[in-house]
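Listed below, chain by chain, are the residues.
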Amino acid sequence: MIEPYLEAGKIVTTHGVRGEMKLEVYCDDAALLQNAHTLYRTKHGEKPVTVESLRGAGRMAILKLAEAPDMESARALVGTILYFARTDVRLPAGMCFVQDLLGCEVRDAETGKVYGTVKSVDHPGPQDIYTVAAPSGKEYLFPGVPAFLKKSCPEQGYLLVTPIPGLLDDDAASERAPKEE
């Protein structure tokens with residue numbers, strides 16, 4: 001399901017004495033949030049807060065909200081998860097939000113076989129790693145590289161893949177493996 005509000009990050013501590021806060025950013029780059037002049041304190045877009053400034057600092061961002069003019073009011077927000085409106089940010093062409101991939105069916109690009117659904121997407125290194133929950137209850141890890149991930153269609157609720165035998169199932173003689181004669 002395409003959600004109208006997505007997690008921007010979590011306020012983890014204050015920064016200085018003028019009300020700035022450190023935001024643990026949940027997206028790839030804090031720059032994505034530069035055009036979000038309003039953030040929200042609930043996942044339904046309620047309790048808006050006005051962004052006065054936001055600058056990247058590694059995996060963190062230094063955030064200043066109009067509603068937190070000093071260190072004490074900023075301290076009261078520590079632990080708060082902030083959300084942004086999907087319509088306030090622009091993704092580069094061909095990119096999508098991880099949230100949109102969760103729950104998508106993972107289908108074979110050639111045969112249409114459904115291997116399972118995307119349970120999570122992690123980014124431990126140069127490529128994303130998808131956790132696929134199979135109908136059997138088992139989970140498989142799938143690298144999000146072009147050799148295997150052929151097409152992402154989160155709007156339609158599926159991904160097309162071309163896995164090697166055994167990548168998304170335990171059957172070494174999967175339908176892609178050459179058949180013995």
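Details of the structure are given in the entry above.
Definitions and cut-offs
- Residues numbered from 1 in each chain as written.
- Predicted model: local features only at pLDDT ≥ 70, side-chain atom pairs only at ≥ 80, totals over all residues.
- Heavy atoms only, no water.
- Pairing = 2+ DSSP bridges.
- Helix = DSSP H or I, 4+ residues; strand = E, 2+ residues; numbered from the N terminus.
- Axes fitted to C-alpha atoms, helices over the stretch in contact; angles between N-to-C directions.
- Phe/Tyr/Trp six-rings, centres within 6.5 Å; stacked < 30°, edge-to-face > 60°.
- Lys NZ or Arg CZ within 6 Å of the ring centre and 35° of its normal.
- Buried < 20%, exposed > 50% of the residue type's maximum accessible area, 1.4 Å probe, protein only.

Participant: What am I meant to see in the sheet that holds strand E7 (residues 105–108) here?
Facilitator: Through backbone hydrogen bonds, the strands of a sheet pair up, either in parallel or in antiparallel fashion. Read from one edge of the open sheet, 6 strands run E10-E9-E8-E7-E12-E11, paired in mixed fashion. If you trace the sheet from one side to the other, it starts and ends with strand E10 (139–143) and strand E11 (149–153), each paired once. Taken pair by pair, the neighbouring strands of this sheet meet at an average axis angle of 35 degrees, ignoring direction. Two elements, E7 and strand E8 (residues 114–122), share 3 bridges in a ladder whose sense is antiparallel. Following the sheet pairing, Val106 is matched in E8 by Gly116.

Participant: I'm lost on the packing of aromatic side chains in this one. Help?
Facilitator: Note on aromatic pairs: each is described by the distance of the centres and the angle between the planes. For the coordinates displayed, the defined rule picks out 4 aromatic pairs. One aromatic cluster is present, built from ring pairs that chain together Tyr130, Phe142 and Phe148. Of note, Arg107 hangs over the ring of Tyr158, and the distance from its end group to the ring centre comes to 4.2 Å.

Participant: Explain unusual backbone geometry to me, please; I cannot follow it from the model alone.
Facilitator: In most cases, non-glycine residues show a negative phi, while peptide bonds are predominantly trans. The phi dihedral of Lys47 falls on the positive side, at around 55 degrees, and the residue is not glycine. Note that Lys47 resides in the loop between strand E3 (38–40) and strand E4 (48–57). Owing to a relative accessible area of 53%, Lys47 belongs among the exposed residues under this scheme.

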